[in-house]
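Residues per chain, in single letters:
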Amino acid sequence: MTTTDGNLYIDINTANVPDERGYFGEFGGRFVPETLVPALNELEAAYLGAMADPEFQAELANLQSTYVGRETPLTHAKRLSEMLGGAQIYLKREDLAHTGAHKINNALGQALLAKRMGKQRVIAETGAGQHGVASATAAALLGLDCHVYMGSTDIKRQQPNVFRMRLLGSEVIAVESGSKTLKDAINEAIRDWVTNVRDTFYLLGSALGPHPYPRMVRDFQSIIGHEARRQIVAQAGRLPDVCIACVGGGSNAIGLFHAFRDDEQIDLIGVEAGGRGIIGGEHAARFADLDVSRPGVLQGTRSYVMQTSDGNIMNTHSISAGLDYASVGPEHAYLRQMERAHYTYATDSETLSAFQTLSQTEGIIPALESAHAIAEVIKRAPTMPPDSIILVNLSGRGDKDLDTVMEVLNP
Ligand SMILES: *Cc1c(COP(=O)(O)O)cnc(C)c1O
């Protein structure tokens, strides 16, 4: 879809979509209580209608431009490229989007869809608070009532984001069940949705959950790759050799990869959280540690899930809260199985080192999530010739992580 200023917004290409039951190969689908099926059907129909409506597309494109600040720049990281002595590195600057990360692309798209569907009440769940802040921001902009479920342990750990959400006019609801973290917050949000499904829109934060969320979130994030594709051709005269992005739930990575997936010569590399290393489950590398990770169902979708031998969900660890999740978006599981994309990981210590390297060579302090992608760039670029190109998604800025990094570097 071409918008007024000539920008492609939501991708309406009907290739590369899940089947009518929401499956990408054997992954994805819709594993929800019976009461939610009509709501998901309604959502899917409304989404397809919105995508086909030039007015909806234009309204979203206008907000992305005048509110979020799109398009975000593509920066040639000259000093980092020189220091590594190999590939030319280009950074897609989602850190410069309003609220400091890519999450606003999806939150705004879904909030606009909620409004179109006449749903005044929006619920979301959040772990570290980043998706909660993006949802609260979009809700404030569009005048929606926003309620964010958050584990009470996370509320204690993430006070600045809790305050941000309240300042933005959202209600933050403390979840006291289970481990009082993200997965418990998701369970509560689903319970709320079941109860209030008629007037409530569930604003889901990554390329996860039951169909149609993985596809819808991907489409809202695909602006990242579409912009980057135009920008790299304009700046470097050709397409990249490799695209790299970090993978939590997988939304920023799939948003970058989508525009390049039909160019088979381009390597697509996702970087998971290697935590303290691939032993003892102290990581969130769902594709690296197949001793503890295997296909299963979590929160409405079938994908790789880190689980014990009797099927209990494992607690994961990462220095970056945004990558610290036991499952991963189903389309990534599919791209991996098809060998169209490849997945690797960066440990906490490699990530901390990359965090400092990018700060010092380019004057850009990355989010710890994004620093995982930079860690992979640091390993890979020196092995590539100087006329080759790596395109890396800088999913967010690092201001939110300064306390974490300070604690480790200056204990
Ligand atoms: C939430 C977050 C991520 C991880 O989420 P994805 O859905 O995998 O993109 C990555 N980077 C930043 C900055 C985030 O806030």
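Before going into details, it helps to say that this report is about the structure given with it.

Quick word on the state of the cysteines
Argument step 1. In the structure shown here, the tally under the stated rule is zero disulfides.
Argument step 2. With no disulfide of its own, Cys-243 has Cys-246 as its nearest cysteine by sulfur position, at a separation of 14 Å.
Argument step 3. Take Cys-246: its relative accessible area is 1%, and that puts it in the buried class.

Brief notes about the site of the ligand
Argument step 1. Residues in contact with the ligand amount to 18 residues; listed here are only the nearest, Lys-103, Ser-206, Gly-248, Ser-251 and Ser-395.
Argument step 2. Within the contact set of the ligand, an oxygen atom lies 2.6 Å away from a side-chain nitrogen or oxygen of Ser-206.
Argument step 3. A distance of 3.2 Å is found between an oxygen atom of the ligand and a backbone nitrogen or oxygen belonging to Gly-249.
Argument step 4. Here the ligand has 390 Å² of accessible area as a free molecule, and 97% of this is covered by the chains.

Observations concerning the packing of helix α4 (residues 103–116) against helix α9 (residues 213–221)
Argument step 1. For the pair α4 and α9, interaxial distance at closest approach is 8 Å and the crossing angle is 115°. Handedness of the crossing formed by α4 with α9: right-handed. Taken together, the residues of α9 that come into contact with α4 (itself represented by Lys-103, Asn-105, Asn-106, Gly-109, Gln-110 and Leu-113) are Tyr-213, Met-216, Val-217, Phe-220 and Gln-221.
Argument step 2. For the contact of α4 with α9, the class distribution of residues is five nonpolar, five polar and one charged.

With respect to the pairing of strand β11 (residues 293–298)
Argument step 1. In the sheet, β11 pairs with strand β12 (residues 301–306) via six bridges, with the strands oriented antiparallel. Pairing of Ser-293 across the sheet is with Met-306, part of β12.
Argument step 2. If you look at the hairpin formed by β11 and β12, you'll find two residues sitting between the two strands, and Gln-299 has a positive phi there, around 45°.

Considerations on the layout of surface pockets
Argument step 1. Approximately 240 Å³ is the volume attributed to the second largest pocket.
Argument step 2. Lining the second largest pocket are Thr-99, Gly-100, Ala-101, Lys-103, Gln-130, Val-133, Ala-134, Asn-161, Arg-164, Arg-397, Asp-399 and Lys-400.
Argument step 3. In terms of residue count, the dominant contributor to the lining of the second largest pocket is helix α5 (residues 130–142) (three residues).
Argument step 4. Broken down by class, the residue content of the lining of the second largest pocket amounts to three nonpolar, four polar and five charged.

Examining the sheet that holds strand β6 (residues 145–151)
Argument step 1. Ordered in space as β7-β6-β5-β8, the four strands form an open sheet in which the pairing is parallel. Each having just a single partner strand, β7 (171–175) and β8 (200–202) make up the two edges of the open sheet. Each strand axis lies, on average, 25° off the axis of its neighbour in the sheet, ignoring direction.
Argument step 2. Relative to β6, strand β5 (residues 121–126) runs parallel, the two sharing six bridges. Bridge pairing in β6 links Ala-124 to Val-148.
Argument step 3. Against the sheet, helix α8 (residues 182–195) contacts β5, β6, β7 and β8, and its axis sits at roughly 160° relative to β5.

Quick word on the side chain of Asn-106
Argument step 1. Assignment of secondary structure puts Asn-106 in helix α4.
Argument step 2. Classification of Asn-106 by relative accessible area gives buried; the value is 1%.
Argument step 3. One polar contact links the side chain of Asn-106 to the main-chain carbonyl oxygen of Leu-204, over a distance of 3.0 Å.
Argument step 4. Discounting residues that sit within four places of it in the chain, Asn-106 has contacts with His-131, Leu-204, Gly-205, Val-217, Phe-220 and Gln-221.

Observations regarding the environment of Arg-230
Argument step 1. Secondary-structure assignment places Arg-230 in helix α10 (residues 223–236).
Argument step 2. Residues Arg-230 and Asp-401, 171 residues apart in the sequence, show an inter-C-alpha distance of 31 Å.

Concerning the sheet that holds strand β13 (residues 341–347)
Argument step 1. Reading across from one edge, β3-β4-β14-β9-β10-β13 is the order of the six strands in this open sheet, with mixed pairing throughout. Strands with a single pairing partner mark the edges of an open sheet, and in this sheet they are β3 (74–76) and β13. Sheet twist, expressed as the mean angle between neighbouring strand axes with direction ignored, is 25°.
Argument step 2. Sitting on the sheet, helix α13 (residues 348–362) is in contact with β3, β4 (88–93), β10 (267–275), β13 and β14 (389–394), with an inclination near 90° to β13.
Argument step 3. Strands β4, β9 (242–246), β10, β13 and β14 of the sheet are contacted by helix α14 (residues 368–380), whose axis makes an angle of about 145° with β9.

Structural notes on the packing of aromatic side chains
Two descriptors summarise a pair of aromatic rings, namely the distance from one centre to the other and the angle between the planes of the rings.
Argument step 1. Tallied over the full model, the rule gives seven aromatic pairs.
Argument step 2. With a centroid separation of 5.9 Å and an interplanar angle of 35°, the aromatic rings of Phe-27 and Tyr-304 are classed as tilted. Residue Phe-27 is found in strand β2 (residues 27–28), and its partner Tyr-304 is found in strand β12; the two are separated by 277 residues along the sequence. Each member of the pair Phe-27 and Tyr-304 is classed as buried.
Argument step 3. Pairing Tyr-202 with Tyr-213 gives two aromatic rings, centres 6.1 Å apart and planes at 65°, and the pair type is edge-to-face. Pair noted here: Tyr-202 is in strand β8 and Tyr-213 is in helix α9, with a separation of eleven residues, a long-range link.

Here is what the cut-offs are and how they apply
Residues numbered from 1 in each chain as written. Predicted model: local features only at pLDDT ≥ 70, side-chain atom pairs only at ≥ 80, totals over all residues. Heavy atoms only, no water. Disulfide = S-S within 2.5 Å. Buried < 20%, exposed > 50% of the residue type's maximum accessible area, 1.4 Å probe, protein only. Near = heavy atom within 4 Å. Polar contact = N/O pair within 3.5 Å; in protein donor to acceptor, adjacent residues only side chain to side chain. Areas by Shrake-Rupley, 256 points an atom, 1.4 Å probe, with all protein chains shown as cover. Axes fitted to C-alpha atoms, helices over the stretch in contact; angles between N-to-C directions. Helix = DSSP H or I, 4+ residues; strand = E, 2+ residues; numbered from the N terminus. Left-handed = near helix turned anticlockwise from the far one by under 90°. Contact = heavy atoms within 4.5 Å. Nonpolar A, V, L, I, M, F, W, Y, C, P; charged D, E, K, R; others polar. Pairing = 2+ DSSP bridges. 1 Å grid on protein atoms, 1.4 Å probe; cavity = no way out; pocket = protein on both sides within 12 Å on 5 of 7 lines; lining within 4 Å. Points joined across faces, edges and corners; volume = space filled by probe spheres on them. Phe/Tyr/Trp six-rings, centres within 6.5 Å; stacked < 30°, edge-to-face > 60°.

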